[in-house]
Amino acid sequence: MNSFVFKLLATLVVVFATSGAALAAQPQPPVAVQGAQAVPKTMRPLAPQDALTQCLIKSTSPDDKRVLVQWVFAVIAQHPDISSMTQIDTAQRSAIDREAAKVFEQLLADQCAGPLRTAMKQSGTDAIGKSFQALGTSAATDMLQNPQVVTSGASLMKHLDMQRILLALIAP
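Per chain, residue numbering runs from 1 following the sequence as it is written. Given that this is a predicted model, residues contribute local features only at a pLDDT of at least 70 and side-chain atom pairs are listed and counted only at 80 or more, while totals for whole chains, interfaces and linings are drawn from all residues. The basis for the side-chain values is all heavy atoms of the structure; hydrogens and waters are excluded.

Here the focus is the overall build of the protein chain. Starting at the N terminus, helices and strands are each numbered in turn, a helix being any DSSP run of H or I of at least four residues and a strand any DSSP run of E of at least two. Across its full length, the protein chain holds eight helices and zero strands. Beginning at the N terminus, the succession of helices and strands in the protein chain can be written as α-α-α-α-α-α-α-α. With 172 residues in all, the protein chain has 25% of them scored as buried. Residue contacts follow a heavy-atom distance rule, with two residues in contact if any of their heavy atoms lie within 4.5 Å. If you take every contact in the protein chain between residues at least 6 apart in sequence, the share linking residues at least 24 apart comes to 75%. Split by element, the accessible area of the protein chain, about 11800 Å² in all, is 60% carbon and sulfur. Buried, partly exposed and exposed residues are distinguished by accessible area as a fraction of the type maximum, computed with a 1.4 Å probe on protein chains only: under 20%, between the cut-offs, and over 50%, respectively. Calculation of accessible area relied on Shrake-Rupley with a 1.4 Å probe; when residues are assessed, cover is drawn exclusively from the protein chains displayed.

Right, dumping it as structure tokens:
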């Protein structure tokens, strides 16, 4: 397999599998342009990575996000520490991979090809990784807001010793 493709796929797996705060577009200083081409001070051009991030998020439908989260789940489920907790057979895995590949291909080759090229020229695969991390965070956030997921996650509270945690917070 071409090393660039391998690195790209590895980056996609890592950034989708990691959680973290959503990457917000950072304000950029205005570009100084002279003459009639001057950009109004209120308009700030997006950095190429920010433009790619926005394109990925805006171009991904709720169904696309569902496909991507399923793909991440299927990838992570292969880890030995959790593989016994779920069963994804070969046919299911293949179907999940095909659907995710369609979404990635549509995003990278069609909907966000321009911002992708620009970001790659400026920052290389790092821009892709950070942009897909933001997309992964967006997709995961949507899934985590599901009422059944919220209820399941809240069940952790009955096992926490909140007094112990409070004491740790106020201890000198």
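Our focus in this paragraph is the nonpolar core. Membership of the largest hydrophobic core comes to 21 residues, with the highest contact counts inside it found for Leu52, Leu56, Trp71, Phe104, Phe132 and Leu135. For this core, the elements supplying multiple residues, two or more each, are helix 2 (48-59), helix 3 (62-76), helix 4 (90-111), helix 5 (113-123) and helix 6 (125-144). In terms of residue count, helix 4 provides more of this core than any other element does, six residues in total. Setting aside chain neighbours within four positions, we find Leu56 in contact with Leu107, Cys112, Ser131, Phe132 and Leu135. In plain words, nonpolar cores are sets of buried Ala, Val, Leu, Ile, Met, Phe, Trp, Tyr and Cys residues tied together by side-chain atoms within 4.5 Å.

Moving on: helix 6. Expected span of a helix, by definition, is 1.5 Å for each gap between consecutive residues, and there is one gap fewer than residues. For helix 6, which comprises 20 residues, the first-to-last C-alpha distance of 28 Å matches the rise-based estimate of 28 Å (1.5 Å per residue) to within 8%. Every buried residue of helix 6 is listed here: Ala127, Ile128, Gly129, Ser131, Phe132, Ala134, Leu135, Gly136, Thr137, Ser138 and Ala139.

The disulfide criterion is simple: two cysteine sulfur atoms within 2.5 Å. Scanning the entire structure with this criterion turns up one disulfide. One disulfide bridge connects Cys55 with Cys112, the sulfur atoms lying 2.1 Å from each other. In this structure the cystine formed by Cys55 and Cys112 twists about its S-S bond by roughly -95 degrees; its chirality is therefore left-handed. Note that Cys55 is positioned in helix 2 and Cys112 in the loop between helix 4 and helix 5, a separation of 57 residues in sequence. Of the two residues, Cys55 and Cys112, neither departs from the other in class, the shared state being buried.

Aromatic rings from Phe, Tyr and Trp, with only the six-membered ring used for Trp, were paired whenever their centres fell within 6.5 Å, and each pair was classed as stacked if the ring planes differed by under 30 degrees, edge-to-face if by over 60, and tilted otherwise. Within this structure, the stated rule accounts for two aromatic pairs. Geometrically, the ring pair formed by Trp71 and Phe104 is edge-to-face, given 5.2 Å between the ring centres and 80 degrees between the ring planes. With Trp71 in helix 3 and Phe104 in helix 4, this pair connects stretches of sequence that are 33 residues apart. Grouping aromatic residues by their ring pairs yields a cluster made of Trp71, Phe104 and Phe132.

Per-residue confidence from the prediction method is given by pLDDT, with values spanning 0 to 100. Averaged over all residues, the pLDDT of the protein chain equals 80, while 74% of them reach at least 70. Counting interchain partners and residues more than four positions distant, the pLDDT-below-50 stretch residues 1-10 has five contacts.

This part is about a nonpolar patch on the surface. On the surface, Leu156, Met157, Leu160, Met162, Ile165, Leu166, Leu167, Leu169 and Ile170 cluster together into a nonpolar patch covering about 890 Å² of accessible area. Looking at the element boundaries, Ile170 is found in helix 8 (residues 162-170). Residue classification places Ile170 among the exposed residues on the basis of a relative accessible area of 60%. Patch definition: residues with relative accessible area over 30% and no salt bridge; like charges joined within 9 Å; nonpolar side chains (Val, Leu, Ile, Met, Phe, Trp, Tyr) joined within 5 Å. In the sections that follow, a salt bridge refers to a side-chain nitrogen of Lys or Arg positioned within 4 Å of a carboxyl oxygen of Asp or Glu.

Let's shift gears to the pattern of salt bridges. All told, the structure shown has five salt bridges when counted by the stated rule. Note that Asp97 is salt-bridged to Arg93, the shortest N-O span being 3.1 Å. With Asp97 and Arg93 both in helix 4, this residue pair falls four residues apart, about one helical turn. Here Lys102 and Glu99 are joined by a salt bridge, their closest N and O atoms 3.3 Å apart. Of this pair, Lys102 and Glu99 both sit in helix 4, three residues apart, roughly one helical turn. For Lys102, a relative accessible area of 51% gives the class exposed. The partly exposed category is assigned to Glu99, whose relative accessible area is 36%.

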